[in-house]
Amino acid sequence: MTMLADARMVTPDGIVDGWVDIDDGRITALGPGDPPRPADRDLGWRWVVPGFVDIHVHGGARAAYMSGHQDQAVLVADLHRRHGTTTTMASLVTGDEAALTRIVTSLAELVDDGLVAGVHLEGPFLAEARCGAHDPALLSEPEPALVERLLQAGHGTIRMVTLAAELPYADDAVRRIVGAGARAAIGHTDATYAQSREAIEAGTTVATHLFNAMRPLHHREPGPVPALLEDERVTVELICDGVHLHPAVVRLAIEAAGPSRVTMVTDAMAAAGAGDGDYVLGELAVRVEDGVARLVEGGAIAGSTLTMDRAFQFVVREAGVAIEDAVRMASANPAALHG
């Protein structure tokens, strides 16, 4: 057992200045003031917050979930755990059906073992005009039989599927995804405002990295951004690394949706925790310079090198978000979203 004293803790009941008792890796008790027995460590009033929950992460430590190799998945989860993320969702980029089926089947075993919380298919049902760092040659329409085959390959472990709302079959795909117990997300989309509203009415409840890889806000055709921000049923992802979004845009999104409907994500690729150099995302070559990942061909941003502790610091220090709200966005909201 380990007793920590002089901790500033963020709890469901607010901030508590006091002690926390840990037994075999689990918090067993906490309280205000002096600890009930001598402390093993004095934290000097450092912050203690819940473990982070990252529902959109592709890799880290030079490894990637998309590899389909379980040893690489272990490396990814371990890297992010060392930076405070106790729960990760294994996100996959676009691939052909055979590759995705093989990878999903492999990762399903790790979901059952508890290493990852589920699988997120960020492709292949994306708009070519907004595909970003996804291979456009491998994109597909979400036609019913393909959606069904991929869901079946996951045996219930696919927890989220991102798709472009304007594609043929999109609304039917949303209903099938939700019917399978997963979350449908709008992302990598060139949808109009009306098409986005239709997808939400069909059951979409997540915005995949809001603003990034989607039709931008325009005063005559608003596009997906206001549709996603204004609907109380939608949780919006934000990549808070200072590269994908300016702090003013982060503040704008949080003020529009409210902190209870925002979840921070890293969208991290293999370079997270590994430094600059050459990598791949799916089958596409990526070069990381000064911590920013971009496709070698075309220069599109290719995920991030972010870890959630840095995202947490960014929203507090650069965007001016209160600690309690940062905790909601990094822990409580994504945890509640996926049950």
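Relevant structure appears above.
Residues numbered from 1 in each chain as written. Predicted model: local features only at pLDDT ≥ 70, side-chain atom pairs only at ≥ 80, totals over all residues. Heavy atoms only, no water.

Caption draft 1: Structural detail: the environment of G51. Tracing the chain through its elements places G51 in the loop between β4 (41-48) and β5 (52-57). Each residue touching G51, except ones within four places of it in the same chain, is listed here: G84, T86 and S331. (Helix = DSSP H or I, 4+ residues; strand = E, 2+ residues; numbered from the N terminus. Contact = heavy atoms within 4.5 Å.)

Caption draft 2: Fine view of the nonpolar core. In terms of nonpolar packing, the biggest core is built from 53 residues, with Y65, L92, L107 and V286 touching the most fellow members. Residue contributions to this core peak at six residues, all from helix α2 (residues 97-113). Apart from residues lying up to four places away in sequence, L107 is in contact with Y65, A73, A90, L92 and V119. Counting 47 residues, the second-largest nonpolar core is a separate cluster that includes I55, M89, L210 and L306. (Core = buried A, V, L, I, M, F, W, Y, C linked by side-chain atoms within 4.5 Å. Buried < 20%, exposed > 50% of the residue type's maximum accessible area, 1.4 Å probe, protein only.)

Caption draft 3: Focus on empty space enclosed by the protein. Overall, the coordinates contain two cavities of 30 Å³ or more when judged by the stated rule. For the largest cavity, the calculated volume is near 40 Å³. The wall of the largest cavity is formed by V93, T94, A133, H134, D135, L138, L281, G282, E283 and L284. Tallied by class, residues from the lining of the largest cavity come to five nonpolar, three polar and two charged. (1 Å grid on protein atoms, 1.4 Å probe; cavity = no way out; pocket = protein on both sides within 12 Å on 5 of 7 lines; lining within 4 Å. Points joined across faces, edges and corners; volume = space filled by probe spheres on them. Nonpolar A, V, L, I, M, F, W, Y, C, P; charged D, E, K, R; others polar.)

Caption draft 4: Expanded view of the packing of α2 against helix α3 (residues 144-154). Across the interface, α2 lies against α3 with an axial gap of 8 Å and an inter-helix angle of 25°. One way to sum up the angle between α2 and α3 is to call them roughly parallel. Two secondary-structure elements touch here, α2 through E97, L100, T101, V104, T105 and A108 and α3 through L146, R149, L150, A153 and G154. Broken down by class, the residue content of the contact of α2 with α3 amounts to six nonpolar, three polar and two charged. (Axes fitted to C-alpha atoms, helices over the stretch in contact; angles between N-to-C directions. Parallel < 35°, antiparallel > 145°, perpendicular 65-115°, else oblique.)

Caption draft 5: The arrangement of the packing of helix α8 (residues 308-317) against helix α9 (residues 323-337) in detail. Direction vectors running N to C along α8 and α9 enclose 145°, while the axes themselves pass 10 Å from each other. Viewed along their axes, α8 and α9 form a crossing whose handedness is right-handed. Contacts from M308, F312, V315 and V316 in α8 reach I323, A326, V327 and A330 in α9. Here the residues of the contact of α8 with α9 are counted per class, giving eight nonpolar, no polar and no charged. (Left-handed = near helix turned anticlockwise from the far one by under 90°.)

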